[in-house]
Amino acid sequence: MDIVPDRNTPVPQLIVQWAYTGIRLALSCAGVTVGFVTFFEVLIVLLRPDIVDKDNRARIVPTVELLDQYDFVVIGAGSAGAVLANRLTENKNWTILLLEAGGDERVISDLPVMTYNLVNTDMDWKFKTESSSAYCKGMVDNQCHWTRGKSLGGSSSLNYMLYVRGNRRDYDNWRDSGNPGWGYDDVLPYFKKAENMTIPGLRESPYHGTSGPLTVENPRYEHPMQGYFSNAMSEMGYHEVDVNGKTQTGFNRPQTTTRNGLRCSTSKAYLRSTADRRNLHISTNSLVHKILIDKTTKTAYGVEFVRENVRHIVRAKKEVILSAGAIESPKLLMLSGIGPKDHLEEVGIKVIHDSPGVGQNLQDHIMIGGLTFLIDAPYNPSTTTLADVTDFVVKREGHLYGTGFCEILAFVNTR
Ligand SMILES: Cc1cc2nc3c(=O)[nH]c(=O)nc-3n(C[C@H](O)[C@H](O)[C@H](O)COP(=O)(O)OP(=O)(O)OC[C@H]3O[C@@H](n4cnc5c(N)ncnc54)[C@H](O)[C@@H]3O)c2cc1C
Ligand SMILES: *[C@@H]1O[C@H](CO)[C@@H](O)[C@H](O)[C@H]1NC(C)=O
Ligand SMILES: *[C@@H]1O[C@H](CO)[C@@H](O)[C@H](O)[C@H]1NC(C)=O
């Protein structure tokens, strides 16, 4: 992004400009070369206390306060783990340890438009796909980034925030394949319980909830392109629908997991509100290496993790809950002796339980990047001016509140 200073500068903008120049001078004197993101981060820290949210941030337990034993040990503080830790600690009789490999979220992760800037940072596991002749062929060494969140909030702290539930038939298929309790009518009450729908007109819908911790909105900033997309969809015969309502086919402005225009990660929704719960210990920068399992009873009784280069073992009186995400959960199971026998033996892991399905059947949606075409009314979204930064830090509006990737969301019939 380029910073383009403006000539007729109003006062709030001057403040931002001075802060910007000051920070740049200070840093360049210190011999540090830093990009726009760092400057922006410092500006946010200085001028947006609502994003810094100092008083509500999740309380991180110091190593000396860690206990030897908890009722529940939850591995991974992502979309699933943050919710579990919150819900379990509602019962004051239980103690819970939440272990997270990453740290707290960076302030820039609050900005939808900064999502791309989080790839390949400390908030990402920086996974890459294997070199292949079948996919990722336009990429260096035929490898794609496989972004996964590594911080409180997990992938919800760097995902695209689109709030889209599965199709009714997806859940009904799960139920009908032998999973009672997973049909759409069974899961709908939980979607509603989680949600605080703020979009006018949807708050009264039987498909939405308004008293949950996860805020759902439309993006605060409407891009000038939005109208063109809507018109095109209408011309194709599609209607505006609630994609999380009765039928999915159609289009609309996206529903996003944002609050006041900023990312509402599961950490913001479920962990920041637990700061005063003494029965929850959140331990960041804690990489779990193994789940400890009793060989005879095949019961998990604890975990082994490393924090600040020191190995720790904690025991779980009731349960160990594995919520480390689609890549790391099966990997941890295998490291702990649960997985395909032949493969585990091949790499020298003692088999506790032969389970051929572990690590199989990974599913993901494909995405294309780089599709570029010219339109009649050119608009260049890639230049961020100082005025945009001012709008964001001072007026709390403007295109830095945009998603930067989705103006209209549509489900179309391809058959
Ligand atoms: C770039 C991107 C964009 C996306 N966009 C959307 C979207 O717009 N809408 C949508 O609905 N979904 C989206 N998703 C998917 C969605 O974010 C994930 O499906 C969801 O967050 C997964 O939740 P989870 O709890 O299974 O895992 P995660 O949220 O990934 O949490 C796993 C956590 O476990 C931690 N962990 C892993 N291993 C260990 C270990 N050994 N020790 C300790 N901690 C560990 C990780 O650091 C992480 O914090 C997107 C995902 C990505 C990556
Ligand atoms: C907590 O324990 C007390 C005493 O054993 C019991 O009376 C109470 O019902 C328990 N609370 C919950 C939520 O289980
Ligand atoms: C839901 O969001 C609205 C609008 O931001 C807010 O006023 C209300 O307090 C929220 N409700 C809950 C339960 O957090």
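Computed from a predicted structure; not experimentally measured.

1. Some remarks on the packing of aromatic side chains
Link 1 in the chain: Applying the stated criterion to the full structure yields 11 aromatic pairs.
Link 2 in the chain: Taking the centre distance of 5.4 Å and the plane angle of 80 degrees together, the rings of Tyr 171 and Trp 174 count as edge-to-face. One end of the pair, Tyr 171, and the other, Trp 174, are both in helix α5 (residues 168-176), 3 residues apart, so they sit about a helical turn from each other.
Link 3 in the chain: With a relative accessible area of 9%, Tyr 171 lands in the buried category.
Link 4 in the chain: Linked through ring pairs, Tyr 171, Trp 174, Trp 182, Tyr 184 and Phe 191 together constitute an aromatic cluster.
Link 5 in the chain: For the cation-ring pair, Arg 220 lies above Tyr 401, with the distance from its terminal atom to the ring centre recorded as 4.8 Å.

2. Concerning the confidence of the model for the chain
Link 1 in the chain: Counting all residues, the mean pLDDT for the chain is 91, and 92% of those residues have values of 70 or more.
Link 2 in the chain: A low-confidence stretch, residues 1-5 (pLDDT under 50), is modelled with 17 contacts involving residues beyond four sequence positions or located in other chains.

3. Let's talk about the site of ligand 3
Link 1 in the chain: Taken together, Asn 196, Thr 198 and Ser 211 make up the full set of residues near ligand 3.
Link 2 in the chain: Look at ligand 3: alone it shows 360 Å² of surface, and the protein chains cover 37% of it.

4. Observations regarding the site of ligand 1
Link 1 in the chain: In the vicinity of ligand 1 lie 28 residues, with Ser 79, Ala 80, Glu 100, Ser 155 and Leu 162 positioned nearest.
Link 2 in the chain: Within the contact set of ligand 1, an oxygen atom lies 2.9 Å away from a backbone nitrogen or oxygen of Ala 80.
Link 3 in the chain: Between ligand 1 and Met 161 there is a distance of 3.3 Å, counted from an oxygen atom to a backbone nitrogen or oxygen.
Link 4 in the chain: Within the complex, 80% of the 1,000 Å² of free accessible area of ligand 1 lies under protein.
Link 5 in the chain: When contributions to the shell around ligand 1 are tallied by element, the ones reaching two or more residues are α4 (79-88), β11 (286-294) and α9 (325-335).
Link 6 in the chain: Looking at side-chain class alone, the shell around ligand 1 contains 11 nonpolar, 13 polar and 4 charged residues.

Basis of the calculations
Each residue is numbered by its place in its chain's sequence as written, counting from 1. Chains and ligands are labelled sequentially in the order written, the chains with letters from A and the ligands with numbers from 1. Totals for whole chains, interfaces and linings use every residue, but because this is a predicted model, local features are given only for residues with pLDDT of at least 70 and side-chain atom pairs only at 80 or more, for both listing and counting. Derived side-chain values reflect all non-hydrogen atoms in the structure, with water molecules and hydrogen atoms excluded from consideration. In this scheme Phe, Tyr and Trp rings, the latter by its six-membered ring, pair at centre separations within 6.5 Å, and the angle between planes marks the pair as stacked below 30 degrees, edge-to-face above 60, and tilted otherwise. The secondary structure listing takes helices from DSSP runs of H or I that are at least 4 residues long and strands from runs of E that are at least 2 residues long, numbered from the N terminus. For each residue, the accessible area found with a 1.4 Å probe, counting protein chains only, is set against the maximum for its type, and the residue is called buried under 20%, exposed over 50%, and partly exposed in between. Here, a charge over a ring is recorded when the distance from Lys NZ or Arg CZ to the ring centre is within 6 Å and its angle to the ring normal is within 35 degrees. Known as pLDDT, the predictor's per-residue confidence is scaled from 0 to 100. In this analysis, two residues are considered to be in contact whenever any of their non-hydrogen atoms come within 4.5 Å of each other. Nearness of a residue to a molecule or strand requires only that one of the residue's heavy atoms be within 4 Å of it. Note on areas: Shrake-Rupley, 1.4 Å probe, and residue coverage restricted to the protein chains presented here. Any N or O atom pair separated by 3.5 Å or less is treated as a polar contact, with the protein-specific requirement of one donor-capable and one acceptor-capable atom, and with residues adjacent in sequence counted only for side-chain atom pairs. Amino acids outside the nonpolar list (Ala, Val, Leu, Ile, Met, Phe, Trp, Tyr, Cys, Pro) and the charged list (Asp, Glu, Lys, Arg) are all regarded as polar, and Gly is one of them.

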